[in-house]
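# Coordinates in review
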Amino acid sequence: MTKVAEPISTKGERASETPLLAVRDLRIEFRGKAETIVAVPKLSFEVKPGESFGLVGESGCGKSTTAMAIMGYLGATGVVAGGSIRFEGEELVNAPAHKLRAIRGRRIAMVYQDPMSALNPVKTIGAQLAEVPMLHLGASRVEALDMAAAMLKDVRLPDAGDMLKRYPHQLSGGQQQRVVIAMALLGRPSLLLLDEPTTGLDVTVESAVIDLIGELRRRYGTSLLFISHNLGLIAESCDRVGIMYSGELVEEAPTCELFGRPRHPYTQGLIDCIPDIGNGKHSRTLAAIPGHIPLPSERPRGCLFGPRCAGFRAGLCDRPGMTLEPVGERHVVRCVRWPELEVAHRELPPLSGESAAPAAEITFSDITKFYHLGHHKTLKANEAVSFEAGKAEIVALVGESGCGKSTLARIVTGLDRATSGEIRMAGENIAAIEASARPKPLLQSIQMVFQNPDSTLNPSHSAGFSIRRSLKKFGIRKGKAAIDQRMRELLEMVRLSPDFAARRPSQLSGGQKQRIAIARAFASDPSLIVADEPVSALDVSVQAAVVTLLLDIQKTRHATMLFISHDLALVRHVADKVVVMYLGKVMEKGTVEEIFGGATHPYTEALISAIRSTKPEGAERNRITLTGDTPSPVDVPRGCRFASRCHRKLGSICDREPPPIRRMSATHEIACHIPAEALESPRHPDEASDRS
Ligand code: SF4
Ligand code: SF4
């Protein structure tokens, strides 16, 4: 029988005290032949009926393992070695298989990060969705298909009849994730486990999926256990939050309380790591948390966060048996020094910034890149893209996947050639010169930092070898001693000790690998760095350290940087100028102040509204939900490229005619049919939500 959920809570309100899910003293081990790894030593938390509980932490903290234990998917070597998991009062640990089958997938459902891991590639969406009510609710096939079609409408997938006949590979990533959510909800679960459900999705798609989850939660009264490393998402989606570190909770509180007044140094550190939408480039530095989560076999005595904590006191913080202590209403923290360490309004030091030199380092004029696919089909990756970056400026290229920003990076670095247009650097047009034909000084002057350092670091070469090779290739230093000396200086520049020179990539963490990649990129003394999502694959604490490092080096070296990113909060923190791209065209360009304040293009407006914030006031911002997917670059719209998703569309003129360029200032341009005065005038606060 379906259990009726109690009324849902809202942030900060007290939900029913009887837990739907109660995890008590949970111990999870992975038992291999040689050793046993204790992934989670002792974890306790609860999810109340109708509540959304967020579990936050860096990778390796045990949050996904906990979700897998609840689902009973620990694999061959994983065991729940102690404690209990009670769901609706029933014990799941060591429960008989038939009882677990009746609960998992039906009363508890899970949505994973990668939707394809939950979808069968050889079955239609209809067949996969219909299985759930047939198996769990005893529905007939016809009834099940009707329920599936209705649920597809609920998750806002258009044309449900057609969608049921499609295969997973025929859907976009956002559509696949909606199907997985529909599949999870079809069993009418009381509890939905969401494990990084939007990682890998574009920001506006992420925003739509999160809004959808919130709406479905309200409609069906489903409780959520929301696992994420994204503090902004958690802050805006959850009633209560638990911060997890090395397999245990270090702090737990209602969301507003936790983000408004964090007590544990780790929670404070996580919040200080992330750029916020209100913070511009010169407002504050991002504070990184030094070090990394200990391996399960190397957990320290006493406070597990001790080795990374600036407040560590020997004799106090290394005492075993540190417990969660109450510090406020429903607020607990595992730190013996929190009252001394808490500072009411912590201010991080501002960045000392000089204004960038105005002379242009690189100028893009009408860059167009078409790929001819045969059968009269052309993929339009870039069309008439124009902007410039001054000496020592950071210009951010922003947009979702398929917007053409990475194609531009490939052309700049010579991995591809432009179809037409010019890129002028030091007086030379480099747009049509591939890397193999570029003279050495040109190769030397442009370097790239990639999202994934593994793609550039040879696994069989040591870090020192990679840096030395770059120094030799460009003749930056001559002679072994001088090259070794410079290699050590570069390691020091990226704040790694000289012994890292001997390490291979497999012996480095993700953040350390990216530091090596940065050291190697700067080995040739480049004047232009192309950084393609350089921190998006790293944990938030590591991101802050790498971004701060990159900014420091860029400033001292006076290098110009093209910073490619989908993360607008980070862009606001990093960039001097921003170029917003959509489907191969520039929608808007301007200084960072112009882009984030006042008049903006409707697409920029949607991107900014999709940013999640940990600040309580962030939740009050109007959210613009874009419907539909980005059109194919093979079949671009005739008029405005954004017309099929625009929440401010004027009418048929947007479909018919490419928009004019509105010059808002000498540095600010917006491509839109909306007149400049209307773009400038403040919009009614409810307008965005009314149109969505
Ligand atoms: S107990 Fe000590 S080491 Fe641990 S978080 Fe608190 S101050 Fe830092
Ligand atoms: S031109 Fe029309 S569709 Fe395009 S952004 Fe402006 S209002 Fe929207």
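Since the model is a prediction, treat every value here as computed from it, not as a measurement.

## A few points about the overall build of the protein chain
- Summing up its helical and strand segments, the protein chain has 23 helices and 24 strands in all.
- For 692 residues, the compact-globule formula gives about 26 Å, and the C-alpha radius of gyration of the protein chain, at 26 Å, lands near that figure.
- The C-alpha extent of the protein chain, read off along each of the three principal axes, is 75 × 65 × 50 Å.
- By residue count, 56% of the 692 residues in the protein chain fall in the buried class.
- When contacts within the protein chain are restricted to residue pairs at least 6 apart in sequence, those whose partners lie at least 24 apart make up 67%.
- Accessible surface for the protein chain amounts to roughly 29,000 Å². Of this, 53% is attributable to carbon and sulfur atoms.
- The average position of the 86 basic charges and that of the 79 acidic charges among the side chains of the protein chain differ by 5 Å.

## Considering the nonpolar core
- In terms of nonpolar packing, the biggest core is built from 96 residues, with Leu 21, Phe 45, Leu 129, Leu 152 and Leu 225 touching the most fellow members.
- The leading source of residues in this core is helix 6 (residues 173–186), at 8 residues.
- For Leu 225, the residues in contact, after removing those within four places along its chain, are Leu 21, Phe 45, Val 47, Phe 53, Leu 55, Ile 70, Leu 191, Leu 192, Leu 193 and Leu 194.
- Formed by 68 residues, the second largest nonpolar core is a distinct cluster that contains Leu 457, Ala 501, Val 578 and Leu 583.

## A closer look at the site of ligand 1
- By nearness alone, 14 residues border ligand 1, and Cys 303, Cys 309, Cys 317, Cys 335 and Leu 341 come closest of all.
- Split into classes, the residues belonging to the shell around ligand 1 amount to 10 nonpolar, 3 polar and 1 charged.

## Digging into unusual backbone geometry
- Backbone geometry places Asp 366, a non-glycine residue, at a positive phi of 50 degrees.
- Within the secondary structure layout, Asp 366 lies in strand 13 (residues 360–374).
- The phi dihedral of Glu 533 is positive, around 50 degrees, even though this residue is not glycine.
- One can find Glu 533 in the loop between strand 19 (528–532) and helix 17 (540–557).

## As for the pairing of strand 11 (residues 325–328)
- Pairing between strand 11 and strand 12 (residues 331–333): 3 bridges, direction antiparallel. Within strand 12, the residue paired with Pro 326 across the bridge is Val 332.
- Between strand 11 and strand 12, which pair antiparallel one after the other, the connecting turn spans 2 residues, and Arg 330 there sits at a positive phi close to 55 degrees.

## What about the sheet that holds strand 17 (residues 428–429)?
- Pairing is antiparallel across the open sheet formed by 4 strands, whose spatial order is 14-13-16-17. Two strands close off the open sheet at either side, each with one partner strand: strand 14 (377–390) and strand 17.
- Relative to strand 14, strand 13 runs antiparallel, the two being bridged by 10 bridges. Its bridge partner being in strand 14, Gly 374 is matched across the sheet by Lys 377.
- Across the sheet, helix 12 (residues 405–412) touches strand 13, strand 14 and strand 16 (420–425), and the angle it forms with strand 13 is around 110 degrees.

## Considering the packing of aromatic side chains
- In total, this model carries 8 aromatic pairs according to the counting rule given.
- What links up through ring pairs into an aromatic cluster is the set Tyr 245, Tyr 266 and Phe 305.
- Above the plane of the ring of Phe 500 lies Arg 503, whose end atom (NZ or CZ) is 4.1 Å from the centre.

## Some points on the site of ligand 2
- Not every one of the 13 residues close to ligand 2 is listed here, only the nearest: Cys 640, Cys 646, Cys 654, Cys 672 and His 673.
- Classifying every residue of the shell around ligand 2 by side-chain character gives 9 nonpolar, 2 polar and 2 charged.

## Considering the domain arrangement of the protein chain
- When the domains of the protein chain are assigned, the result is domain 1 (21–257), domain 2 (360–460 + 526–596) and domain 3 (601–692).
- Once you take the C-alpha centre of each, domain 2 and domain 3 turn out to be 23 Å apart.
- Between domain 2 and domain 3, the residue contacts involve 26 residues of the former and 22 residues of the latter.
- For the domain 2 and domain 3 pair, buried surface summed over both sides reaches about 2,200 Å², with 63% attributable to carbon and sulfur atoms.
- If you look at where domain 2 meets domain 3, you find 3 salt bridges.
- We note a salt bridge from Glu 383 to Arg 641, for which the minimum N-O separation is 2.3 Å.
- When residues in the side of domain 2 that touches domain 3 are grouped by element, the largest group, 7 residues, is from strand 22 (residues 585–591).

## A word on helix 6
- Between its first and last C-alpha atoms helix 6 spans 20 Å; for 14 residues at 1.5 Å apiece the expected length is 20 Å, and the two agree.
- Burial of helix 6 is extensive: 13 of the 14 residues sit out of reach of the surface.
- Of the residues trailing helix 6, Arg 188 is marked for its positive phi of about 50 degrees.

Calculation rules
- Residues numbered from 1 in each chain as written.
- Chains lettered and ligands numbered in written order.
- Predicted model: local features only at pLDDT ≥ 70, side-chain atom pairs only at ≥ 80, totals over all residues.
- Heavy atoms only, no water.
- Helix = DSSP H or I, 4+ residues; strand = E, 2+ residues; numbered from the N terminus.
- Rg over C-alpha atoms; globule rule 2.2 N^0.38 Å.
- Buried < 20%, exposed > 50% of the residue type's maximum accessible area, 1.4 Å probe, protein only.
- Contact = heavy atoms within 4.5 Å.
- Areas by Shrake-Rupley, 256 points an atom, 1.4 Å probe, with all protein chains shown as cover.
- Lys, Arg positive; Asp, Glu negative; His and termini not counted.
- Charge placed at Lys NZ, Arg CZ, Asp CG, Glu CD.
- Core = buried A, V, L, I, M, F, W, Y, C linked by side-chain atoms within 4.5 Å.
- Near = heavy atom within 4 Å.
- Nonpolar A, V, L, I, M, F, W, Y, C, P; charged D, E, K, R; others polar.
- Pairing = 2+ DSSP bridges.
- Axes fitted to C-alpha atoms, helices over the stretch in contact; angles between N-to-C directions.
- Phe/Tyr/Trp six-rings, centres within 6.5 Å; stacked < 30°, edge-to-face > 60°.
- Lys NZ or Arg CZ within 6 Å of the ring centre and 35° of its normal.
- Domains from an automatic or database assignment.
- Buried area = accessible area lost by both parts, 1.4 Å probe.
- Salt bridge = Lys/Arg side-chain N within 4 Å of Asp/Glu carboxyl O.
- Expected span 1.5 Å × (residues − 1).

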